[in-house]
Amino acid sequence: MPPPTKTTNPTAMSASPLVLVDGSSYLYRAFHVPNLQKLTSSSGAPTGAIHGVLNMVNRLLTDFAPELIAVVFDAPGKTFRDAIYPDYKAHRPPMPDELRAQIEPAIAAIEALGIRVLRIPGVEADDVIGTLATLATQAGMRTVISTTDKDMTQLVNSSVELLNTMDDRRLDERGVRERYGVVPGQMIDYLALVGDSSDNIPGVPGVGPKTATKWLADYATLDNIVRHADEIGGKVGAGLRAAIPHLPLYKQLVTIKCDVDLPLGPADLRRESVDEARLRGVLAPLDMHGFLRRMGAAEPPPPPTSTPTQRAEPPSYATVFTPEELGGWLKKIEAAELVALDTETTSLSYMDAELVGLSLCVAPGIAAYIPVAHSYAGAPEQLARDVVLKKLRPWLESAQHAKLGHHLKYDAHVLRNHGIELAGIAHDSMLESYVLNSTASRHDMDSLAAKYLGIKTTKFEDVAGKGAKQLRFDEVDVATASAYAAEDADVTFRLHAHLWPKLRAIPELERVYTEIERPLIDVLRKMEYTGVMVDTAMLARQSAELAGAMTAAEQAAHKAAGGPFNIGSPKQLQEVLYERLKLPVLGKTPTGQPSTAEDVLAELAEKYDLPRSVLEYRTLAKLKSTYTDKLPREVNARTGRIHTSYHQAVTATGRLSSSDPNLQNIPIRTPEGRRIRQAFVAAPGRRLIAADYSQIELRIMAHLSADARLLESFKEELDVHRATAAEVFSVPREAVTSEQRRAAKAINFGLMYGMSAFGLARELKIERGEAQAYVDLYFERYPGVKAFMERTRKLAREQGYVTTVFGRRLYLPDINARNVQLRQYAERSAINAPMQGTAADIIKRAMLEVERWIGRERVAAQLIMQVHDELVLEVEASAAAAAARALTAIMEKAADLAVPLKVKAGIGSNWDEAH
């Protein structure tokens, strides 16, 4: 096909168009331009993508002088496409840290240029642009979309054209036809046929651009192609017929949503004047003085300084091969006040990992690697692992010798696998970063080195390769491994030197780190290593029973539908629900088709049998695939137990998370879900104790708000939801109905999570006006809660963060965002985060005290799980009753609040029985 035509002179066009910039596509495109990839600041921070995007934006300003312009980026988090197709973009690797680090500076610089930046949660940048372009067309405006994304061609019409500023090519209606062989109105069908490997959309097997173009020339539409599928022969025809059930989904995925509920319209995108001071503040530290000069925002360069840049010369690291060299390093670490320690292993699984080598750093740039098990052909002779560990054991197990690491819990596990109990954990740079600011960055070493030190570190993939050909670390060349491993220890030391003074400067954060997070490392390591026993035979029986129940639900669905259909096919379900049974359409897909999403089915299920059976089938299928089938595969062959990983530095609020498996999501609300908990069992002769905080976040709300009525409810140990219902509905407590209590519970928790009157109306299935009346009456009866919320929002806007009762800071980077949705989400988080964060701090404090009690009293008990506001212990059967009483007392004393903490503890042979 001929290439698309070049852009005409924009000054020859009529009135200045609305310019919409696909910021996400340009960031990725600029990041992968070889010449731009090399660009960094003097501190080592990557800047190539920022250069590329800003140059492109400046070109648009020069060529079009637009009065109306916006740059649109993908918002963090999942979108509706992930909900309807879990494999959407699932194969994509995580965003490179070098690119992630450039997003916020790029956005800040664009905003300083007076240009509106949009990031709308739940949808992609394409959808926001499509909606704005549609609104502009309806208003009689011309639109230029600056993008490199071919999916945008479906938006082209007589008043919308695409422009690729990187290669100066445009696509109007004629350009789309010349480039792709189809008209813009056929692009959705074209994309559904050919698929999109970058988004993990398969398309029709064997169908490429030529075949898709030919079929659309012959049959005009995808629906018509499907109707004539039997006429198409060969393998490609067979592939088409096999793909027919999936094509509606593919079409839905590639269709740009043009009806996004936006907080503004095209007329609100007027460009403002350049904020030169802010632009300098963003770009000058990145050494982007050329761009500042072009924008007229440059200042004279500062006088030269003699301060050396960090790591101007790469340090020289030692590799320890001989007993004499090992002896020399033993003297260094025994004499050092603090030593950074890092292990290299055969596996990321802490239960399976074996030591390959160990690196040590005693001061910035002074580090060494001790290889002990590199086993590739031609590997140099190394000191024996047992010999090295025997020499290091006294130091490793000494509480008097201070150790530093980055995610040191993993290294402690590795050493435990070799019979060494690591002691003297003084610092962990991952946790220092997390406590300092949980949302400022990811807390892996590479991200933190780039953010805080301006250092581009060597990554594991750089030394071991990627994918199927990736080497185990024991297969990596020792010289390469040594440089990589010693750098890890060195960077850890430097990170601590940077972060620790910042923490010490804020006493509240220093206490959170030293009194909660750091001592919790060893508690979590012991929990992980102990693990939890599951009854795999019971899980197998449950899988079989779930399979039978799924069959019964499917048969019930077929009966309700009046005949068989593929219950897993959204298209067939859609046809049965809305064409065969003529059920009311309560929601639509982005393409305008009647929806089969879970919330729609749940509403229909209140009146109709078929959606009820479909929902039952889906619930059973998820339980089976996620739990009863999968959990037995997680059992460690050596211990016969499941060993999860608890993560301290993931959630923004301080709550622990877990993975492999995720124990935080074991279901409890349904009988089938509770049966899964029955498979979590105690060892013979032992019992499980499950102790759960009662309404902890509401109690924290009472403490923080100091609301007199709320405090009274808890101090008198009233049913707080019944008490709220009595206040809101103006009835005596004893006269509150179950429906009124349910509404009060929704109000209590909803307002705590920032629920609006609209959300409350949807939750209670009442009119919005009635829900607003409930909200107004609630705040009238609980003025302390209202005052707390207003005070917290104001404080968050002023200082950019809120705090927990114990001083943990929860930063809210979007609290003053111009984007209404991002700002409102941050405001809701400002209310909820102090409660979630305080609850997290309380249960962590309880875990620490429980572990001290076990050690002090030599109790025959072990902490084995932490799930939300619950602790689970495994204890000797004879000690269970006394342990449950002690555990309850410890947990209830974990914080001194204005209202008492209450804990419910139960004992059983399995987790469900203990509730």
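Cut-off values and rules
- Residues numbered from 1 in each chain as written.
- Predicted model: local features only at pLDDT ≥ 70, side-chain atom pairs only at ≥ 80, totals over all residues.
- Heavy atoms only, no water.
- Helix = DSSP H or I, 4+ residues; strand = E, 2+ residues; numbered from the N terminus.
- Rg over C-alpha atoms; globule rule 2.2 N^0.38 Å.
- Buried < 20%, exposed > 50% of the residue type's maximum accessible area, 1.4 Å probe, protein only.
- Phe/Tyr/Trp six-rings, centres within 6.5 Å; stacked < 30°, edge-to-face > 60°.
- Lys NZ or Arg CZ within 6 Å of the ring centre and 35° of its normal.
- Polar contact = N/O pair within 3.5 Å; in protein donor to acceptor, adjacent residues only side chain to side chain.
- Contact = heavy atoms within 4.5 Å.
- Arc of directions from axis to C-beta.
- pLDDT = per-residue confidence, 0-100.
- Core = buried A, V, L, I, M, F, W, Y, C linked by side-chain atoms within 4.5 Å.
- Pairing = 2+ DSSP bridges.
- Axes fitted to C-alpha atoms, helices over the stretch in contact; angles between N-to-C directions.
- Salt bridge = Lys/Arg side-chain N within 4 Å of Asp/Glu carboxyl O.
- Expected span 1.5 Å × (residues − 1).
- Bend = angle between axes of the 7 residues up to and from the residue.

S.K.: Lay out the overall build of the chain in plain terms, naming residues and giving numbers.
M.R.: What the chain contains, in helices and strands, is 36 helices and 22 strands. Its C-alpha atoms give the chain a radius of gyration of 31 Å, within 12% of the compact-globule value 29 Å for 915 residues. In terms of overall dimensions, the chain has C-alpha extents of about 80 × 80 × 65 Å along its principal axes. Looking at the chain as a whole, 53% of its 915 residues are labelled buried.

S.K.: Describe the packing of aromatic side chains, with residues and values.
M.R.: Tallied over the entire structure, the rule returns 10 aromatic pairs. Seen from their ring centres, F460 and Y484 are 6.4 Å apart, and the 65° between their planes marks the pair as edge-to-face. With F460 in helix α20 (residues 460-464) and Y484 in helix α21 (residues 478-504), this residue pair connects regions lying 24 residues apart in the sequence. Exposure remark for F460: the relative accessible area of 26% places this residue in the partly exposed category. One aromatic cluster is present, built from ring pairs that chain together F460, F473 and Y484. Over the ring of W329 we find K332; its NZ or CZ atom is 4.9 Å from the centre of that ring. Here R677 stacks its cationic end above the ring of W911, 3.9 Å away from the centre of that ring.

S.K.: Before we move on, can you summarise the side chain of H374 with the specific residues and values?
M.R.: With respect to the helices, strands and loops of the structure, H374 is situated in the loop between β10 (366-371) and α16 (385-396). A distance of 3.3 Å separates the side chain of H374 from the backbone oxygen of F473, its partner in a polar contact. With near-sequence residues (within four places) excluded, H374 lies in contact with V356, Y369, A379, Q382, F473, D474, V476, V478 and A481.

S.K.: Could you give an account of the environment of Q400, naming the residues involved and the relevant values?
M.R.: With respect to the helices, strands and loops of the structure, Q400 is situated in the loop between α16 and β11 (403-405). Separated by 63 residues in sequence, Q400 and E337 place their C-alpha atoms 9.7 Å apart.

S.K.: Can you explain helix α27 (residues 671-678)? Please cite residues and give values.
M.R.: Listing the buried residues of α27 in full gives G673, I676 and R677. For α27, the buried positions fall inside an angular range of 100° around the axis, keeping them on one side.

S.K.: Could you give me a rundown of the confidence of the model for the chain, with the residues and numbers involved?
M.R.: Mean pLDDT for the chain: 88, with 95% of residues reaching 70 or above. When the criterion is pLDDT under 50, residues 1-14 qualifies, and its contacts beyond four places in sequence or with other chains add up to 31 contacts. Low pLDDT, under 50, characterises residues 300-313; the predicted model gives this stretch eight contacts beyond four residues in sequence or across chains.

S.K.: Tell me about the nonpolar core, and name the residues and values.
M.R.: Of all hydrophobic cores here, the largest spans 114 residues; its most connected members are F680, Y693, I842, M865 and L873. Tallying contributions element by element places helix α35 (residues 820-857) first for this core, with 11 residues. The contacts of I842, once residues within four sequence positions are left out, are Y693, I696, I700, F806, A894, A895, L897 and L901. Membership of the second largest hydrophobic core comes to 57 residues, among which are Y88, Y219, A229 and V260.

S.K.: A description of the sheet that holds β10 should follow, citing residues and the corresponding values.
M.R.: In spatial order, the strands read β7-β10-β9-β8-β11-β12; together these six strands make up an open sheet with mixed pairing. The sheet terminates laterally at β7 (318-319) and β12 (425-428), the two strands that pair on one side only. Across six bridges, the pairing between strand β9 (residues 355-363) and β10 is antiparallel. Bridge pairing links S359 to Y369 in β10.

S.K.: Quick one: what's the story with the environment of P105, residue by residue and with numbers?
M.R.: Structurally, the position occupied by P105 is in helix α5 (residues 97-112). Judged by its relative accessible area of 19%, P105 falls in the buried class. Sequence separation of P105 and G281 is 176 residues, and the distance between their C-alpha atoms is 10.0 Å. Apart from the residues lying within four places of it in its own chain, the contact partners of P105 are I50, V282 and L286.

S.K.: Which residues make up the pairing of strand β8 (residues 339-345), and what values do they have?
M.R.: Summarising burial for β8: seven of the seven residues are buried, a large majority. Burial along β8 is two-sided: V339, L341, T343 and T345 facing one way and A340, D342 and E344 facing the other are all buried. Pairing of β8 with β9, which is carried by six bridges, proceeds in the antiparallel orientation. What sits directly across from A340, in β9, is C361.

S.K.: Quick rundown of the sheet that holds strand β22 (residues 903-908)? Include the residues and the values.
M.R.: Strands sit in the order β20-β21-β17-β22 across an open sheet of four strands; the sheet is antiparallel. The two strands at the open ends of the sheet, each matched to only one other strand, are β20 (861-867) and β22. Direction aside, the axes of adjacent strands within the sheet are offset by 20° on average. Where strand β17 (residues 686-693) lies against strand β21 (residues 870-876), seven bridges are found, and the strand directions are antiparallel.

S.K.: Now, about the pattern of salt bridges: what can you tell me, with residues and values included?
M.R.: The tally for this structure, following the rule as stated, stands at 50 salt bridges. Notably, a salt bridge pairs E851 with K526, separated by 3.5 Å at the nearest N-O pair. Residue E851 is found in helix α35, and its partner K526 is found in helix α22 (residues 507-530); the two are separated by 325 residues along the sequence. Residue class for E851 comes out buried when judged on its relative accessible area of 18%. The structure contains a network of salt bridges with shared partners spanning R416, E421, D522, R525, K526 and E851.

S.K.: If you had to explain unusual backbone geometry to someone new, which residues and values would you point to?
M.R.: Trans peptide bonds make up the majority, and among non-glycine residues the majority have a negative phi. Cis rather than trans, the peptide bond between D660 and P661 has omega equal to 0°. The topology assignment puts P661 in the loop between β15 (657-659) and α27. Notably, D660 is not glycine yet its phi reads approximately 55°, a positive angle. Within the secondary structure, D660 sits in the loop between β15 and α27. A positive phi is found at H868, a non-glycine position, where the angle reads about 55°. Locating H868 in the fold gives a position in the loop between β20 and β21.

S.K.: Give a description of α22 that names residues and reports values.
M.R.: Note that an α-helix has 3.6 residues per turn; residues three or four places apart therefore point the same way. Its 24 residues place the ends of α22 34 Å apart at the C-alpha level, agreeing with the 34 Å of an ideal helix rising 1.5 Å per residue. Where α22 bends most, the angle comes to about 35°, and this point is I521. Positive phi appears at G531, one or two residues downstream of α22, with a value of about 70°.

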